[in-house]
Amino acid sequence: MNKELAAKFLSSISHEREQDIEMTSRLLTTLSLQQLVLNGLAINNIHLENIRSGLIGKLYMELGPNLEINDKIQRGDIKIGDIVLIRPAKTKTKTKAKAKKVPEDSSEEGQVECSGVIYKMNDNQITIALEESQEVVATTFYSYNKLYILKTTNTITYKRMESTMRKLSEFGSLIQDKIIQYLTNERPFIPNTSQSQNAGFFQNPNLNDSQKTAINFAINNDLTIIHGPPGTGKTFTLIELIQQLLTKQPEKRILICGPSNISVDTILERLTPLVPNNLLLRIGHPARLLDSNKRHSLDILSKKNTIVKDISHEIDKLIQENKKLKNYKQRRENWNEIKLLRKDLKKREFKTIKDLIIQSRIVVTTLHGSSSRELCSLYRDDPDFKLFDTLIIDEVSQAMEPQCWIPLIAHQNQFSKLILTGDNKQLPPTIKTEDDQKVIHNLETTLFDRLIKNFPKREMVKFLNVQYRMNEKIMEFPSQSMYHGKLLADVTVANRLLIDLPNVDVTPFDDDDDVDTKLPLIWYDTQGDEFPETADGATILGSKYNEGEIAIVKEHIQSLRSSNVPQESIGIISPYSAQVSHMKRLIHDELKLTDIEISTVDGFQGREKDVVILSLVRSNEKFEVGFLKEERRLNVAMTRPRRQLVVVGNIEALQRCGNKYLKNWSEWCEENADVRYPNIDDYL
Ligand SMILES: Nc1ncnc2c1ncn2[C@@H]1O[C@H](COP(=O)(O)OP(=O)(O)OP(=O)(O)O)[C@@H](O)[C@H]1O
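An unreviewed UniProt entry lists the protein chain under the name DNA helicase, from Saccharomyces arboricola. Regarding the protein chain, the UniProt comment filed under Sequence similarities (unreviewed entry) reads as follows: "Belongs to the DNA2/NAM7 helicase family." Its UniProt record, at the heading Catalytic activity (unreviewed entry), says of the protein chain: "ATP + H2O = ADP + phosphate + H(+)".

To continue, consider the site of the ligand. Looking at the ligand, there are 15 residues lining it, with Asn-206, Gly-231, Lys-234, Thr-235 and Arg-469 nearest. Gln-211 has a polar side-chain atom sitting 2.9 Å from a nitrogen atom of the ligand. At 2.4 Å, a side-chain N or O of Lys-234 approaches an oxygen atom of the ligand. Against a free-state accessible area of 630 Å², the protein chains account for coverage of 78% of the ligand. Counting residues per element, the shell around the ligand draws most heavily on helix H7 (residues 234–248), which supplies 3 residues. Residue composition of the shell around the ligand, grouped by class: 4 nonpolar, 8 polar and 3 charged.

All right, on to the sheet that holds strand E16 (residues 521–525) then. On the basis of which strands lie adjacent, the open sheet formed by 6 strands has the order E20-E19-E21-E22-E16-E23 and parallel pairing. The two strands at the open ends of the sheet, each matched to only one other strand, are strand E20 (597–599) and strand E23 (674–676). Pairwise comparison of adjacent strand axes, ignoring direction, gives a mean angle of 15° for this sheet. Bridging between strand E19 (residues 570–573) and strand E21 (residues 609–615) involves 4 bridges; their strand directions are parallel. Counted as the bridge partner of Ile-570 is Val-611 from E21. Contacts from helix H17 (residues 547–562) reach E16, E19, E21, strand E22 (641–649) and E23 within the one sheet, and its direction differs from that of E22 by about 150°. Sheet contacts for helix H18 (residues 577–590): E19, E20 and E21; angle to E20, the most-contacted strand, approximately 160°.

A few words on a negative patch on the surface. Judged by side-chain charge, Asp-529, Glu-530, Glu-555, Glu-621, Glu-624, Asp-681 and Asp-682 come together as a negatively charged surface patch. Among the structural elements, Asp-681 can be located in the segment after E23.

Attention shifts here to the pairing of E22. Of all 9 residues in E22, 9 are buried; the element is thus mostly enclosed. Taken together, the 5 bridges between E16 and E22 define a ladder with parallel strand orientation. Residue pairing for E22: Tyr-524 is matched across the bridge by Val-648. Note: E21 against E22, 6 bridges, orientation parallel. Counterpart to Lys-609 in the pairing with E22 is Pro-641. Each parallel crossover has a hand, and the one from E21 via helix H20 (residues 631–638) to E22 is right-handed.

All right, on to the sheet that holds strand E2 (residues 59–65) then. Taken together, 6 strands build a closed barrel; the order of strands is E1-E2-E5-E4-E3-E6 and the barrel is antiparallel. On average, adjacent strands in this sheet sit at an angle of 50° to one another, irrespective of strand direction. For strand E3 (residues 83–88) and strand E4 (residues 114–121), the ladder comprises 4 bridges, and the chain directions are antiparallel. Following the sheet pairing, Ile-86 is matched in E4 by Cys-114.

What follows concerns the environment of Leu-274. Secondary-structure assignment places Leu-274 in the loop between helix H8 (261–271) and strand E9 (280–282). When near neighbours in sequence (up to four residues on either side) are disregarded, Leu-274 contacts Ile-239 and Gln-243.

According to the stated counting rule, one finds 30 salt bridges in the structure shown. With a closest N to O distance of 3.0 Å, Glu-533 and Arg-618 form a salt bridge. Highlighted residues: Glu-533 in the loop between E16 and strand E17 (534–535) and Arg-618 in the loop between E21 and H20, separated in sequence by 85 residues. Under the relative-accessibility criterion, Glu-533 is labelled buried at 18%. On the accessibility criterion, Arg-618 (7% relative accessible area) is buried. Salt bridges here are not isolated pairs; linked through shared partners, they connect Arg-469, Glu-608, Asp-610, Arg-642 and Arg-643.

A separate point is the packing of helix H16 (residues 472–482) against H20. It is the contact of H16 with H20, at a shortest axis distance of 10 Å, that shows an interaxial angle of 155°. As the angle between them shows, H16 and H20 are arranged roughly antiparallel. Between H16 and H20 lies a crossing whose hand is left-handed. Along the contact surface, H16 presents Ile-474, Phe-477, Pro-478 and Met-482, while H20 presents Glu-631, Arg-632, Asn-635 and Met-638. Here the residues of the contact of H16 with H20 are counted per class, giving 5 nonpolar, 1 polar and 2 charged.

Next up on the list: the nonpolar core. Ranked by size, the top nonpolar core spans 58 residues in total, and within it Leu-183 and Trp-405 carry the most contacts. When residues of this core are assigned to their parent elements, the largest contribution, 5 residues, is made by helix H13 (residues 401–410). Shared between two domains, this core holds at least three residues of each, these being domain 2 (174–190 + 208–275 + 363–464) and domain 3 (293–360). Core analysis: the second largest hydrophobic core is formed by 39 residues, Met-470, Leu-487, Ala-494 and Val-601 among them.

Criteria and cut-off values
In this convention, every chain numbers its residues from 1, walking through the sequence in written order. In view of the model being predicted, local features appear only for residues whose pLDDT reaches at least 70, and side-chain atom pairs are presented and counted only at 80 or more, with totals across whole chains, interfaces and linings using the full set of residues. Side-chain calculation: all heavy atoms of the structure are included, whereas hydrogens and water are not. UniProt positions are given in the numbering used here, feature names are shortened, and annotations may be inferred rather than shown by experiment. Note on terminology: near, applied to a residue and a molecule or strand, indicates that one of the residue's heavy atoms is within 4 Å of it. Identification of polar contacts relies on pairs of N or O atoms within 3.5 Å, with a donor-acceptor requirement for protein atoms, meaning one able to donate a hydrogen and the other able to accept it, and with residues adjacent in sequence counted only if both atoms are side-chain atoms. Per-residue and other accessible areas follow the Shrake-Rupley method at a 1.4 Å probe size, with only the shown protein chains counted as cover for residues. Starting at the N terminus, helices and strands are each numbered in turn, a helix being any DSSP run of H or I of at least four residues and a strand any DSSP run of E of at least two. Residues are grouped as follows: nonpolar covers Ala, Val, Leu, Ile, Met, Phe, Trp, Tyr, Cys and Pro; charged covers Asp, Glu, Lys and Arg; every other residue, Gly included, is treated as polar. Paired strands, as defined in this entry, are two strands with at least two bridges between them according to DSSP. Axes here refer to lines fitted to C-alpha atoms; in helices the fit is confined to the stretch in contact. Angles between the N-to-C directions go from 0 to 180 degrees. By definition in these notes, contact holds between two residues if any of their heavy atoms fall within 4.5 Å. Distance thresholds for patches are 9 Å for like charges and 5 Å for nonpolar side chains (Val, Leu, Ile, Met, Phe, Trp, Tyr), applied to residues having over 30% relative accessible area and no salt bridge. Should a side-chain nitrogen of Lys or Arg be within 4 Å of a carboxyl oxygen of Asp or Glu, the pair is scored as a salt bridge. In summary, the charge assignment counts Lys and Arg as positive and Asp and Glu as negative, without counting His or the chain termini. In this description, the location of a charge corresponds to atom NZ of lysine, CZ of arginine, CG of aspartate or CD of glutamate. Relative accessibility under 20% of the residue-type maximum defines a buried residue, over 50% an exposed one, and the middle range a partly exposed one, all with a 1.4 Å probe and only protein chains included. Convention used here: a crossover is right-handed provided that the path from the first strand, over the helix, to the second strand proceeds clockwise when the strands point away from the viewer. Each angle receives one of four descriptions, namely roughly parallel if under 35 degrees, roughly antiparallel if over 145, roughly perpendicular if within 65 to 115, and oblique otherwise. Put simply, a crossing is left-handed when the front helix is turned counterclockwise from the back one by less than a right angle, and right-handed when it is turned clockwise. Buried Ala, Val, Leu, Ile, Met, Phe, Trp, Tyr and Cys residues form a nonpolar core when they are joined through side-chain atoms within 4.5 Å. Each domain's limits were defined by an automated method or a database of domain assignments.

Given below as structure tokens:
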């Protein structure tokens, strides 16, 4: 089974990587820099302010806005953790001298560039952690008055998944690792029904019965899936479980992984006040960690060693000197001295790192980071070194299955317990492939999906059934359509409304029951041809927007604001990035309501707002609805609001598009929502 599994994923990953690279290079080569900036894939009009030494001998490049053009950096969709290229804009250099000799380090004839990871970012400065040995090229950027950065493909993640799958395929017939046997269907799952290890006492007094059941099952069993629909407290449950495991097995170590830095940083943040901090260790590129978690960062902790600090200062001094050296040969010698110091620095830091890992009890990292050099170096000295006992993978449904295998292969024969948390009815992993349904299916089918298929009795699945976010009217359709009607709204949220918010005006007609702030569910039905969609030519990804819907969104926001609903309480979601861009331009730039969050569905994953306005966009004579059909995406969108969900969309299009989920949703809403029929003349 392991060979077939590995072969299936190897071919799918290589196809996905080619698609990703092809799409990125198509964008970078066919679009002008201006168009790339418009689509959020590039940032221009910046210049080099400083180069300094960073963690584990890395070099940091600090870039600021080119003040002759604008006082702020236009950040687009580029965010911390992205891999970027830094290039000089095709303009004259600062110095009068002829254009500099292109250093031999440059990647292609004539194109001078560096690559690195966005470490820090705000409107005034971007800090980029440079990849190895780019110092010489980087310092030439001082002579350019305009630079730009381009977002590129992160090929490292593909390489790591591929090498993991190759190792999985190399396993012989009899796999020793018990957990891997479950995943390769070589071992039946027999639940341990004894309650011997049950938590006698829960640290958190507020846990509900479904959460306690999940925790006790995970303590007593070697395989558990905690299935948590929106707002049911997956993280809340996981924190208690980790505390229980720490108490019961103080000498054992837990590895916590997730698909993204934000998923694991959230757990680390919630653990920090509850667990002695010297037991917590965050592994990963400091560029990608939440500021509040950096103090647990292995990179930063390893810097506390005074010798390490002195060597870093020495490196910084030499870098500053380098800037003043005119002669290329002198600069080269200076960099060679820096390289020697950095080599010594790395050796000393590895020793410190090993001590920090051994002292820790909870190691937190992304799935990709779990096979990092630092962690795996401990097996180099002693292959049987017992490093971990329990593996926890959070948000498992957002990870491709090959990603989940990375910790299992990198630390094989270590784990005696595997705990997965997630919800396979929310967003699946993002897949770039569009031209091969088999590849899409292989990569969208998560480990969660495959395990419940392998073990149809689902005895290891523990369902959290009480949600603490949504008014029960908002919860009702998602519960019925995606969770077999099993969701309950906790009494503290079941009837919550906007009007309960402090300072929300009790309008003069407050006895009038259909005043907006008393309604949990509103639908502006744009059926007919008065609110047509528009294909957005400017954004290459063929996105769409709907101006009529934007006008309705604007009017509803003004109604909320007139009832004194705070901007921070309002979220606007659309599945279409063009609609998001157009709404940002109107609501942020023109109306200056910059505290209203506007994003695509993916941008709202794991988040919540008191009121969410959902703009569906699609309205055409063929009743085409495109990727609105992805029900897990819509399920995420409609489960973000606490008190009010407002949908702006063409009900007839949903009823006639041929998709059962959309038809059911629109019919249910016609019965249960406050449906309004806007007239386009009111908005022109
Ligand atoms: N037993 C409980 N009693 C009271 N509040 C709870 C309980 N469980 C969870 N909550 C609250 O519910 C909210 C959601 O919890 P949490 O963030 O852990 O959910 P999640 O499942 O991780 O999030 P998501 O909805 O994105 O999946 C939090 O505000 C949390 O405090």
